[in-house]
Amino acid sequence: LFQKLAVDTVKTSNISYAIKFNGIVDYNTDKVANMSPLVSGNIQNVRVMPGDYVHAGQVLGTIKSPEVANYNAALISAETNVRLNAKLLEQQKELFKSGLASQIDITTAEVSYEQAVGAKVAAEKILAINGNNKNGEFEVKSPVNGFIVQKNVTNDMTVRADNGGNMFTISDLKDVWVQANVYESNINSVHEGDPVEVTTNTYPDKVFNGKVGKLMNVLDPATKVMKMRVVLDNPGYELKPQMFATIAISNSVNKKAAAVSSGALIFDNSQYYVIIIKGKNNIEIRPVQVITTNGKTAYIKSGLKPGDRVVGADALLMYYYNSLNS
């Protein structure tokens, strides 16, 4: 056991308190694409579900829309008007050569032709903005790469451009937020930019490092808490929206105490113990009083002094081994 156990030496350091908050993982709303319908109609061929990864330009569904059909009809009318005014201009020029038309007649015909061309260009742009489909359909395409994090439409559902409804929300999830509540008693201990350690139920042994990105600086009138937002990088997409998370923020105070790895602590019968290593095959199980722990480090009020050597990990194994043999 001595060959396998980690040994920790007690040191003196400033006490660092860990304040913990419960939070929920959420997508970064500053880096999302909210897709509202640009035209009204009936949406069909919805091909995606929440959680699906989509690429920029990928078709998510098709809206059969009378508006798009009208845009196409307007373009056809504008093209016809251009051809008509081109013929009229050509006719006025021939009449002018024969003395049967004046310069004013030619100028009028030129203005009418230019107006017809302008109307055609406008009709082309309007149709292009609305998908450039000449069959009365509007293809809903993803503007970015990312995950579908919200889907509010189903096949054959009627959508309207004037109600502000959101069809899809897309986020790349490369970084996420953890939203948490800060109670009044802890407001002075939390600052924007503070480093944090986040753990989740899904990955209990993994720590995600981030920072406090935003404090709302107002209290909710109903719950009397302040909202806090933590920003975390999420390169492997391990953190998913709506996961529960625990946020730990460390705060140092100008007080010193004996510090040892929290893995050295053994809790039994309402008392903390550590195993002191005095020499080869010579150990002592000693009760200690704990001030606080911040996850990795335990701060001791009494029972240890700087320089003491203790079992720093798996101490519980030796504790029970010693109990069974004593």
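Scroll up to find the structure.
Residues numbered from 1 in each chain as written. Predicted model: local features only at pLDDT ≥ 70, side-chain atom pairs only at ≥ 80, totals over all residues. Heavy atoms only, no water.

### A word on the overall build of the chain
Looking only at helices and strands, the chain features three helices and 20 strands. In terms of overall dimensions, the chain is more spread out than a globule: its C-alpha atoms have a radius of gyration of 36 Å, far above the 20 Å expected for 326 residues. Seen through its C-alpha atoms, the chain measures out along the principal axes to roughly 125 × 40 × 40 Å. Counting all 326 residues of the chain, 36% fall into the buried class. Of the charged side chains in the chain, 33 are positive and 30 negative, and the gap between their average positions amounts to 9 Å. (Helix = DSSP H or I, 4+ residues; strand = E, 2+ residues; numbered from the N terminus. Rg over C-alpha atoms; globule rule 2.2 N^0.38 Å. Buried < 20%, exposed > 50% of the residue type's maximum accessible area, 1.4 Å probe, protein only. Lys, Arg positive; Asp, Glu negative; His and termini not counted. Charge placed at Lys NZ, Arg CZ, Asp CG, Glu CD.)

### Quick look at the pattern of salt bridges
When their charged atoms lie close together, side chains carrying opposite charge are able to pair. Per the counting criterion, the structure on display carries ten salt bridges. Across the pair Asp162 and Arg160 runs a salt bridge, and its minimum N-O distance is 2.7 Å. For Arg160, a relative accessible area of 44% gives the class partly exposed. A salt bridge links Asp308 to Arg286; its shortest N-O distance comes to 3.6 Å. (Salt bridge = Lys/Arg side-chain N within 4 Å of Asp/Glu carboxyl O.)

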